Amino acid sequence: GVPVSSRVSTKIQQLLNTLKRPKRPPLKEFFVDDFEEIVEVPQPDPNQPKPEGRQMTPVKGEPLGVICNWPPALEAALQRWGTTQAKCPCLTALDVTGKPVYTLTYGE
């Protein structure tokens, strides 16, 4: 073979070692296992007020009917419907027994 200086050989070895080193730290150094923290459910504050009464649910009303050329935006459609059907009920509040207490119309 060809005689090789030990100095050149050392430089080549250092270059090879540099190339073999990972350029970025492995993922495990950045990963934090917080699975136990995620699984834990936070306990509610005992001083927090509790809900009272029955749960409210919306009730379907009468359909608005079929009108051609509805505006693409909900607010514009409500504005148009409110100007053409001002006396129609929009929202009705019920009391505990389910009887209407107040009815809001589109004109209001």
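The structure this text deals with has already been given above.
Residues numbered from 1 in each chain as written. Predicted model: local features only at pLDDT ≥ 70, side-chain atom pairs only at ≥ 80, totals over all residues. Heavy atoms only, no water.

Caption draft 1: Molecular detail of the state of the cysteines. Inspection of the entire model under this criterion finds zero disulfides. We note that Cys88 lacks a disulfide partner, and the nearest cysteine sulfur, in Cys90, lies 9.9 Å from it. For Cys88, a relative accessible area of 24% puts it in the partly exposed group. Residue classification places Cys90 among the partly exposed residues on the basis of a relative accessible area of 40%. (Disulfide = S-S within 2.5 Å. Buried < 20%, exposed > 50% of the residue type's maximum accessible area, 1.4 Å probe, protein only.)

Caption draft 2: Highlighting the layout of surface pockets. Of the voids in this model, the largest pocket is the one considered here, and its volume is about 940 Å³. Element by element, the count of residues in the lining of the largest pocket is highest for strand S1 (residues 89-94), at six residues. (1 Å grid on protein atoms, 1.4 Å probe; cavity = no way out; pocket = protein on both sides within 12 Å on 5 of 7 lines; lining within 4 Å. Points joined across faces, edges and corners; volume = space filled by probe spheres on them. Helix = DSSP H or I, 4+ residues; strand = E, 2+ residues; numbered from the N terminus.)

Caption draft 3: Looking closely at the pairing of S1. In this sheet, strand S2 (residues 100-105) lies alongside S1 in antiparallel orientation, the contact comprising five bridges. For Pro89, the partnering residue across the bridge sits in S2 and is Thr105. Between the antiparallel neighbours S1 and S2 lie five residues, among them Gly98 with a positive phi of about 95 degrees. (Pairing = 2+ DSSP bridges.)

Caption draft 4: Local environment of a nonpolar patch on the surface. Taken together, the side chains of Ile12, Leu15, Leu16 and Leu19 present a nonpolar region at the surface, about 390 Å² in accessible area. Inspection of the secondary structure puts Leu19 in helix H1 (residues 6-20). (Patch = residues over 30% accessible without salt bridge, like charges linked within 9 Å, V, L, I, M, F, W, Y side chains within 5 Å. Areas by Shrake-Rupley, 256 points an atom, 1.4 Å probe, with all protein chains shown as cover. Salt bridge = Lys/Arg side-chain N within 4 Å of Asp/Glu carboxyl O.)

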